[in-house]
Amino acid sequence: MEENMDESQSQKGCKECCERCVGSLPWASLIATILLYMGVALFCGCGHEALSGTVTILQNYFEVIRAPGETLDVFTIIDILKYIIYGLAAGFFVFGVLLLVEGFFTTGAIRDLYGEFKITACGRCLTAFLMFLAYVFFLVWLGVTAFTSLPVFMYFNVWSMCQNTSVVEGANLCLDLRQFGAVTISEERKVCTGSEKFSKMCESNELDLTFHLFVCALAGAGAAVIAMVHFLMALAANWGYLKDASRMQKYEDIKSKEEQELHDIHSTRSKERLNAYT
């Protein structure tokens, strides 16, 4: 009998522990962090490989040569974009950790365990600052999404021409890099339908893979935008909680002081009556 009671108490203790652990997780911030990491990883990985594929296509089929020295050409711009991708990956990893930690300290169970840190002015300022950063990064990712849609559109046109070579067989269509700003006006780097280079480019895996990598990068940027919106909603809810909690804390302090004053007055009167009686 006692063993059954001990076992039931142990199961009850485990259940309460699990409920406490689940309740202490900031689910909104956790889901937003996972979505942010997935989007950033998809954008950075696919974007980096798509840029490398673009370099291969430019060199093999359009015969674009890297300019000597420190001249700003299309290859230099691609290298700069790769470094920007590296910075985005590192920066948003740290930013996601900060937002997740903020979510943990805002959760009621963690707050009760570690004290009322979040109700202080420091906690409110931290949440407001993170809200500002989340809004700025939301605008940044909107710009990144719009910028990523440009190569997707360009590669979609080229991919469509390759998929419909029988339709455009009679027409003399050309892909001129000067139209995309990849080379200067004086340079003529173009590939026309019906040429051997155009056929090889369409038959290669590089064009198809690069196009789909840019599509995946665009999807990753869109996921990061959704994650930023999710973070903004979570931070706004946390800010509302902190504001109400701060007011409640002030009310409790005033109430405690009034009760202490009433207790002191009552104690003083009791002593005076006792002294008068004696």
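Residues numbered from 1 in each chain as written. Predicted model: local features only at pLDDT ≥ 70, side-chain atom pairs only at ≥ 80, totals over all residues. Heavy atoms only, no water.

**Q** I'd like to hear about a nonpolar patch on the surface, residue by residue, with values.
**A** On the surface, F93, V94, V97, L98, V101 and F105 cluster together into a nonpolar patch covering about 510 Å² of accessible area. Within the secondary structure, F105 sits in helix α3 (residues 74-106). (Patch = residues over 30% accessible without salt bridge, like charges linked within 9 Å, V, L, I, M, F, W, Y side chains within 5 Å. Areas by Shrake-Rupley, 256 points an atom, 1.4 Å probe, with all protein chains shown as cover. Salt bridge = Lys/Arg side-chain N within 4 Å of Asp/Glu carboxyl O. Helix = DSSP H or I, 4+ residues; strand = E, 2+ residues; numbered from the N terminus.)

**Q** Tell me what's going on with the environment of T184, and back it up with residues and numbers.
**A** Along the polypeptide, T184 turns up in the loop between β1 (174-176) and β2 (190-192). When its relative accessible area of 42% is taken as the criterion, T184 is described as partly exposed. (Buried < 20%, exposed > 50% of the residue type's maximum accessible area, 1.4 Å probe, protein only.)

**Q** Which residues make up the layout of surface pockets, and what values do they have?
**A** What the largest pocket holds in volume is close to 1000 Å³. Split into classes, the residues belonging to the lining of the largest pocket amount to 32 nonpolar, 6 polar and 3 charged. (1 Å grid on protein atoms, 1.4 Å probe; cavity = no way out; pocket = protein on both sides within 12 Å on 5 of 7 lines; lining within 4 Å. Points joined across faces, edges and corners; volume = space filled by probe spheres on them. Nonpolar A, V, L, I, M, F, W, Y, C, P; charged D, E, K, R; others polar.)

**Q** I'd love a proper account of the packing of helix α2 (residues 27-61) against α3, names of residues and values included.
**A** At a minimum axis distance of 10 Å, the contact between α2 and α3 shows a crossing angle of 170 degrees. One finds that α2 runs roughly antiparallel with respect to α3. Each residue belonging to the contact of α2 with α3 can be placed in one class, and the counts come to 22 nonpolar, 9 polar and 1 charged. (Axes fitted to C-alpha atoms, helices over the stretch in contact; angles between N-to-C directions. Parallel < 35°, antiparallel > 145°, perpendicular 65-115°, else oblique.)

**Q** Lay out the pattern of salt bridges with the relevant residues and their values.
**A** Summed over the entire model, instances satisfying the criterion amount to 3 salt bridges. Between K197 and E63 there is a salt bridge, and its shortest N-O distance comes to 2.5 Å. Of this pair, K197 sits in helix α6 (residues 196-203) while E63 sits in the loop between α2 and α3, and the two are 134 residues apart along the sequence. Judged by its relative accessible area of 33%, K197 is partly exposed. With a relative accessible area of 44%, E63 lands in the partly exposed category. With a closest N to O distance of 3.2 Å, K200 and E196 form a salt bridge. Taken together, the residues span about one helical turn, with K200 and E196 both in helix α6 at a distance of 4 residues. For K200, a relative accessible area of 46% corresponds to the partly exposed category.

**Q** An account of the confidence of the model for the protein is requested, with residue identities and associated values reported.
**A** In this model, the protein carries a mean pLDDT of 79, and residues with pLDDT of at least 70 account for 73%. The lowest-confidence element of the protein is helix α4 (residues 108-114), averaging 48 in pLDDT; the highest-confidence one is α2, averaging 92. Taken as a whole, residues 113-118 scores under 50 in pLDDT and shows 11 contacts with residues more than four places along the chain or in a different chain. (pLDDT = per-residue confidence, 0-100. Contact = heavy atoms within 4.5 Å.)

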